[in-house]
Amino acid sequence: MIRSLFLFLLCAVAAHAGLAGKRPNIIFLLTDDQGYGDLSSHGNPVLKTPNLDRLNAEGVHFEDFCVSPTCAPTRSALLTGRHEFKNGITHTILERERLTPKATTLAQVLKSAGYTTGIFGKWHLGDEPDRWPSARGFDEMFIHGAGGIGQTYPGSCGDAPGNKYFDPAILHNGIFEKTKGYCTDVFFSQAKKWIESVKGRQPFYCHISTNAPHGPYIARPEDLALFKDKDKVPNTDVANFFGMLHNIDENLGLLLTKLKEWGIENDTLVIFMNDNGGTAGTQVFNAGLRAQKGTPWMGGIKASSLWRWPGTLTAAPVSKLCAHVDFLPTLAELAGAALTDDVKAQVEGRSLVPLLENPQAEWADRQLFTHVGRWPKDTPPADYKFTNCSVRTARWHLVSAPAGNPNAKKKAKGERQPKAQAKAKDKSAIVSAGPAPIKTPDWQLFDMTTDPGEQTNVATANPEVVKELTAAYDKWWDSVQPLLINEDAPLAAENPFKTLYEKQFGK
């Protein structure tokens, strides 16, 4: 009787303690340019993603999760817990993709709690050595340069010269390795090797950030064959895009199998997200969302956020408004990391732990600010204050964006990046590329509870809401101006990855 009572009280204490400080291994999978609709569990009629669907079915999945409209901005927010503009990031190139050295990263926070950390794939927060992941808290670094394999732009943002999706040269702890195989397979294989080498010694954080399915759309032939010339697949770009995602899903399945084989499945939290809105796949399915990557509409900023931890998390949906800035404080709490005063001041997100424990937990309303940025270099940001921006609350979405097709499903290929940037062959065209400024905003307001597809502008009927959210936006805009530290940065003479690669292998 006494023993039974003791066990009951022990279980009660454990339950009360909750998830904080449980110190799981953490694997974070972040894909590049996959949209919210590019999962079969979200209704895609063509693409099948059984392993991502497992995360959805077996874990906590967030149904209203916001990220930034493009890649480097989202990555900086995930790793710092604050809006990308406060990290100096207003673009994906031209030195404006570089994370401020003053920020503390998630990797540094986790290391302070006894974790070992590794990154495999895309970084895109600075290609100079003092800005590499190895200088920002990662013990193991296995990355390509720039925002994609083979990319090169004026300034420091660029990958190894002539790099390809097959047999890419990858920077491994400061030294290039000429790998064999398809890029996604290479990243997952290296991540698994690293996990096997560190598991059991201390908790680990494994950051797998694929460059796929970002363009150029190049799938393995066997993956392309699954979608080429199929019904509802309009062109080869979409077929390659889906093939790239099929390959990612298969690699995830192999990783989940390994976790079970290693006996660490129940000790490992696996998280999946996509970094921004959809691209090529929106030609087939966009989950009812308006627009796509590179816009402030929900089609540009809504993301999957799937959290699987067998034996600990109960599978359930979360309907509360959450965001990428919540990632760092959540993992810090799970890891039992004590945040310094400086990091507490840096982080503007919230821990998701209460929602992981109870998806119906109280969750105060909030305001989330989006700005696409990407104004031309050496242009005053003030000229673009109202260009491609928005404010979200649990109910409302206030948007200032150019007029256009509200569904924007037919030209996904052109959404990958501004046309001038995508096509430009000379430095001046790339530097000057950017959106046309909106000098006077024509704010549109949408009720997300009744109109998640953002089809009906209700601004006129809700002037007080518009007034409140525009005032909040003005205050936020003013608050970030002193932190836009990359705007006047001179362009580097040469991509550092190119310099290092040629020093190692010759020109």
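Residues numbered from 1 in each chain as written. Predicted model: local features only at pLDDT ≥ 70, side-chain atom pairs only at ≥ 80, totals over all residues. Heavy atoms only, no water.

Caption draft 1: Main features of the pairing of strand β4 (residues 116–121). Burial within β4 is extensive, with 6 of its 6 residues counted as buried. Pairing geometry for β4 and strand β8 (residues 204–209), over 6 bridges, is parallel. Its bridge partner being in β8, Gly121 is matched across the sheet by Ser209. Where β4 lies against strand β5 (residues 140–143), 4 bridges are found, and the strand directions are parallel. Looking across to β5, one finds that Gly118 is bridged to Glu140. (Buried < 20%, exposed > 50% of the residue type's maximum accessible area, 1.4 Å probe, protein only. Helix = DSSP H or I, 4+ residues; strand = E, 2+ residues; numbered from the N terminus. Pairing = 2+ DSSP bridges.)

Caption draft 2: Local environment of the sheet that holds strand β16 (residues 396–400). Pairing is antiparallel in the open sheet, where 4 strands are placed in the order β14-β15-β16-β17. Two strands bound the open sheet, and with one partner strand each, they are β14 (368–371) and β17 (444–447). Each strand of the sheet is rotated relative to its neighbour by a mean of 15°, with strand direction disregarded. As defined by bridge partners, β16 adjoins β17 across 4 bridges and the pair is classed as antiparallel. Opposite Leu398, over in β17, you have Leu445 as the bridge partner. (Axes fitted to C-alpha atoms, helices over the stretch in contact; angles between N-to-C directions.)

Caption draft 3: The arrangement of empty space enclosed by the protein in detail. As enumerated under the stated definition, the model contains 2 cavities of 30 Å³ or more in all. Its boundaries defined by the atoms lining it, the second largest cavity holds a volume of some 50 Å³. Along the walls of the second largest cavity sit Arg75, Leu78, Leu79, Ile119, Lys122, Trp123, Leu125 and His207, which together make up its complete lining. Examining the composition of the lining of the second largest cavity, we find that 3 residues originate from one element, helix α3 (residues 71–80), more than from any other. In terms of residue class, the lining of the second largest cavity is made up of 5 nonpolar, 1 polar and 2 charged. (1 Å grid on protein atoms, 1.4 Å probe; cavity = no way out; pocket = protein on both sides within 12 Å on 5 of 7 lines; lining within 4 Å. Points joined across faces, edges and corners; volume = space filled by probe spheres on them. Nonpolar A, V, L, I, M, F, W, Y, C, P; charged D, E, K, R; others polar.)

Caption draft 4: Expanded view of the environment of Leu52. By the element assignment, Leu52 lies in helix α2 (residues 50–58). Distance in space between the C-alpha atoms of Leu52 and Asp249 is 6.3 Å, their sequence separation being 197 residues.

Caption draft 5: How the structure looks around the pattern of salt bridges. Counting across every chain of the model gives 25 salt bridges. As a salt-bridge pair, Asp32 and Lys122 come within 2.6 Å of each other at their nearest N and O atoms. With Asp32 in the loop between β1 (25–31) and α2 and Lys122 in the loop between β4 and β5, this pair connects stretches of sequence that are 90 residues apart. For Asp32, a relative accessible area of 0% puts it in the buried group. Arg220 is the salt-bridge partner of Glu222, the closest N and O atoms lying 3.4 Å from each other. (Salt bridge = Lys/Arg side-chain N within 4 Å of Asp/Glu carboxyl O.)

Caption draft 6: Representation of the state of the cysteines. Under the definition given, this model contains 0 disulfides. Here Cys71 stays unpaired: no disulfide links it, and the sulfur of Cys157, its closest cysteine neighbor, is 9.2 Å away. Relative accessible area serves as the criterion here: at 4%, Cys71 is assigned to the buried category. No disulfide involves Cys183; its sulfur sits 15 Å from that of Cys71, the nearest cysteine. A residue is classified by how much of its surface remains accessible, and Cys183, at 0% relative accessible area, is buried. (Disulfide = S-S within 2.5 Å.)

Caption draft 7: Broad picture of the layout of surface pockets. Of the volumes computed, that of the second largest pocket is approximately 310 Å³. Lining of the second largest pocket is provided by 21 residues; of these, His83, Glu348, Gln367, Leu368 and Phe369 occupy positions nearest its centre. Those elements that provide at least two residues to the lining of the second largest pocket are β14 and β15 (389–392). The greatest single-element share of the lining of the second largest pocket, amounting to 3 residues, is contributed by β14. Split by residue class, the lining of the second largest pocket holds 8 nonpolar, 7 polar and 6 charged.

Caption draft 8: Region of the structure containing the sheet that holds strand β6 (residues 169–172). Taken in spatial order, the 10 strands line up as β7-β6-β5-β4-β8-β1-β9-β11-β2-β12 in an open sheet, and their pairing is mixed. Edge positions in the sheet fall to β7 (175–178) and β12 (316–318), since each of these pairs with one other strand and no more. Looking at each pair of strands side by side, their axes are set apart by 15° on average, direction ignored. Pairing between β5 and β6: 2 bridges, direction antiparallel. Residue pairing in the sheet places Ile143 in a bridge with Leu171 of β6. The strands touched by α2 are β2 (60–62), β9 (268–274) and β11 (305–308); relative to β11, the strand with the most contacts, the crossing angle is about 75°. Here helix α16 (residues 496–505) sits on the sheet in contact with β5, β6 and β7, set at roughly 70° to β7. (Contact = heavy atoms within 4.5 Å.)

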